[in-house]
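Summary of structural features
The chain contents come next:
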Amino acid sequence: MRTLTWLDALTMDRDPNEDDSVADLSFEAESPVAPPDELLEGLPSYDWLLQGRGGQVFFPSLESLGRSQDPASWSSVLEHSRVPVVTEEVAREALVSFVNSQCCYSSAAAGNIIIQELRQQTLCRYRLETFSESRVSEWTFQPVTNHSVDGPQRGASPRLWDMKVQVPPMFQEDTRKFQVPHSSLVKECHKCHGRGRYKCSGCHGAGMVRCSSCSGTKRKARQPRRCHMCSGSGRRRCSTCSGRGNKTCATCKGERKLEHFVQLVIMWKNSLFEFVSPHHLHCPGELLAKARGENLFRDENAVVYPIVDFPLRDISLASQRGIEEHNTALASRSARILQQRQTIELVPITEVHYWYQGKTYVYYIYGTDHQVYVADYPKQYCCGCTIL
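Residues numbered from 1 in each chain as written. Predicted model: local features only at pLDDT ≥ 70, side-chain atom pairs only at ≥ 80, totals over all residues. Heavy atoms only, no water.

**Some remarks on the overall build of the protein chain**
From N to C terminus, the protein chain includes 6 helices and 13 strands. When contacts within the protein chain are restricted to residue pairs at least 6 apart in sequence, those whose partners lie at least 24 apart make up 81%. When the accessible surface of the protein chain is summed, it comes to about 22100 Å², and 48% of that surface belongs to carbon and sulfur atoms. (Helix = DSSP H or I, 4+ residues; strand = E, 2+ residues; numbered from the N terminus. Contact = heavy atoms within 4.5 Å. Areas by Shrake-Rupley, 256 points an atom, 1.4 Å probe, with all protein chains shown as cover.)

**Points about the packing of aromatic side chains**
Scanning all chains against the criterion turns up 5 aromatic pairs. Considering the side-chain rings of Tyr354 and Tyr361, the 5.6 Å spacing of their centres and the 25° angle between planes classify their relative orientation as stacked. Comparing Tyr354 with Tyr361 shows no difference in burial state: the two are buried. Members of the aromatic cluster, each reached through a chain of ring pairs, are Tyr354, Tyr361 and Tyr363. Across the ring face of Phe171, the terminal group of Arg341 is positioned such that the distance to the ring centre comes to 4.0 Å. (Phe/Tyr/Trp six-rings, centres within 6.5 Å; stacked < 30°, edge-to-face > 60°. Buried < 20%, exposed > 50% of the residue type's maximum accessible area, 1.4 Å probe, protein only. Lys NZ or Arg CZ within 6 Å of the ring centre and 35° of its normal.)

**Considering the pattern of salt bridges**
Considering all chains together, one arrives at 12 salt bridges under this definition. Where Asp174 meets Arg176, a salt bridge forms, and the shortest distance between an N and an O atom there is 2.9 Å. On the basis of relative accessible area, Asp174 is assigned to the partly exposed category, the value being 27%. Here Arg298 makes a salt bridge to Glu300, at a shortest N to O gap of 3.0 Å. Shared partners join several salt bridges into a network, and the residues in it are Arg125, Arg127, Glu274 and Glu345. (Salt bridge = Lys/Arg side-chain N within 4 Å of Asp/Glu carboxyl O.)

**Regarding helix 3 (residues 88-100)**
In this model helix 3 runs 18 Å from its N-terminal to its C-terminal C-alpha over 13 residues, within 8% of the 18 Å that 1.5 Å per residue would give. Listed in full, the buried residues belonging to helix 3 are Ala91, Ala94, Leu95, Phe98 and Val99. Looking straight down helix 3, one finds its buried side chains confined to an arc of 130°; they lie on one side. Seen from the open side of helix 3, the exposed residues pointing more than 90 degrees away from its buried face are Glu89 and Asn100. Residues of helix 3 that are buried sit in contact with helix 4 (107-111), strand 2 (114-143), strand 11 (336-356), strand 12 (359-366) and strand 13 (371-374). (Expected span 1.5 Å × (residues − 1). Arc of directions from axis to C-beta.)

**Focus: the environment of Met229**
Its place among the elements puts Met229 in the loop between strand 6 (208-210) and strand 7 (235-237). Once the C-alpha coordinates of Met229 and Ser213 are considered, the two residues, 16 residues apart in sequence, prove to be 6.7 Å apart. When neighbours within four sequence positions are excluded, Met229 is seen to be in contact with Cys211, Ser213 and Arg236.

**Digging into the nonpolar core**
Leu95, Tyr354, Tyr363, Ile365, Val372, Val374 and Tyr377 are the most contacted members of the largest nonpolar core, which totals 21 residues. Elements supplying a minimum of two residues to this core: helix 3, helix 4, strand 11, strand 12 and strand 13. A per-element tally of this core places helix 3 first, with 5 residues. Not counting chain neighbours up to four residues away, the residues in contact with Val372 comprise Ala94, Leu95, Phe98, Tyr363, Tyr364, Ile365 and Tyr366. If you look at the next biggest cluster of nonpolar residues, it comprises 17 residues, including Phe273, Leu296, Phe297 and Val304. (Core = buried A, V, L, I, M, F, W, Y, C linked by side-chain atoms within 4.5 Å.)

**Points about unusual backbone geometry**
Non-glycine residue Ser242 carries a positive phi angle of around 60°. By secondary structure assignment, the location of Ser242 is in the loop between strand 7 and strand 8 (246-248). You will see that Asp309, though not glycine, has its phi angle at about 60°, which is positive. With respect to the element layout, Asp309 can be found in the loop between strand 10 (294-301) and helix 6 (313-332).

**Details of the confidence of the model for the protein chain**
Looking at the protein chain as a whole, the pLDDT averages 79, with 75% of positions reaching at least 70. For the protein chain, the element scoring lowest by mean pLDDT is helix 1 (residues 6-12), at 36; strand 3 (residues 174-179) scores highest, at 94. Below a pLDDT of 50 lies the segment residues 50-54, which in the model reaches 9 contacts outside its immediate sequence neighbourhood of four places, other chains included. Low confidence marks residues 57-71, where pLDDT is under 50. Its contacts with residues over four positions away, or in another chain, come to 32 contacts. (pLDDT = per-residue confidence, 0-100.)

**A closer look at helix 6**
Residues three or four positions apart in an α-helix share a direction because the helix packs 3.6 residues into each turn. Along its 20 residues, helix 6 runs 29 Å from first to last C-alpha, staying within 8% of the 28 Å computed at 1.5 Å per residue. If you check which residues of helix 6 are buried, you get Ile315, Ser316, Ala318, Ser319, Gly322, Ile323, His326 and Leu330. One side of helix 6 holds all its buried residues, which, seen down the axis, span an arc of 160°. What points out from helix 6, more than 90 degrees from its buried face, is the exposed set Arg313, Glu324, Thr328 and Ser332. Buried positions along helix 6 lie against strand 2, strand 9 (257-276) and strand 11. Just beyond helix 6, the residue with positive phi is Ser334, at close to 55°.

This is the structure:
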């Protein structure tokens, strides 16, 4: 005579009114989310999606840059661009304003400094922004509901770059997803094999599990009374499936069928290239990159071309390098250029040497809005403060 196991007892104790079809269900499969290749037949122009299971990127060929920018009259531009000179009064007011905004700096010291020297320099900052668009296509799916299915019977699917979409404002990054028309295929759910549910792995379809309080003995150890957690039955309702013995398929949401379709993912990205002309001052470069400057030159178009004959050769070289880097990067990730913008700004920076209580100190005033960077302030109340 075979001894009944705990699982046999649970099966025997199941509600006789419960749907017997649960016994025919399989447990949740450990299959990947994507369906097998043989489940999806090819679509015209989209057969490549079944090869390698990866997304496919489409892009039109970039136009070759066949011309250079016409030389501008830089001498005239520079002549009409004037950055205000920082005087001792302006330098002192900028320091006092900065110190008053800090919690650990003494404003008394800022008011009593003796300015010894102002070393002023104007830097050139070049920026190139490239706003691009890339398109990736991939198979995806959703549960079949009551909505109509847009399949190949309604016509041929358009090529991805033929799909017209609303482009976001220039130089503002965004990502959007669209369903490719006429690409839908309805198939049985590959996760539950069209059943819409699967056996609960917690109770093996029984709906009941051994009571964790009494370990199925119906009474707690050393206590004559029956276990109050399971009312002396030794079993409790399975919390995983709420006693149903099965769970709704999470893939098809119980609908049994899936609508597979090609999804277009469009990514708009703004790439940035920056260059600040060389200098010998000890002001952090990240501050100068963010500093407010006076606009000297601005060129915005579908495609911009390298700057030539600029008085500062480093700026011309930076323009050429930035455009080449962006073109190479965009080609490597299969993107097309929608708009480019390049600018040259004049960023003033002043190195202020001052004397206070027998020692010499330095601080910097940078940008047209007179931001301050202090490397070593004489009256600092707390340690470890880094002010940028």
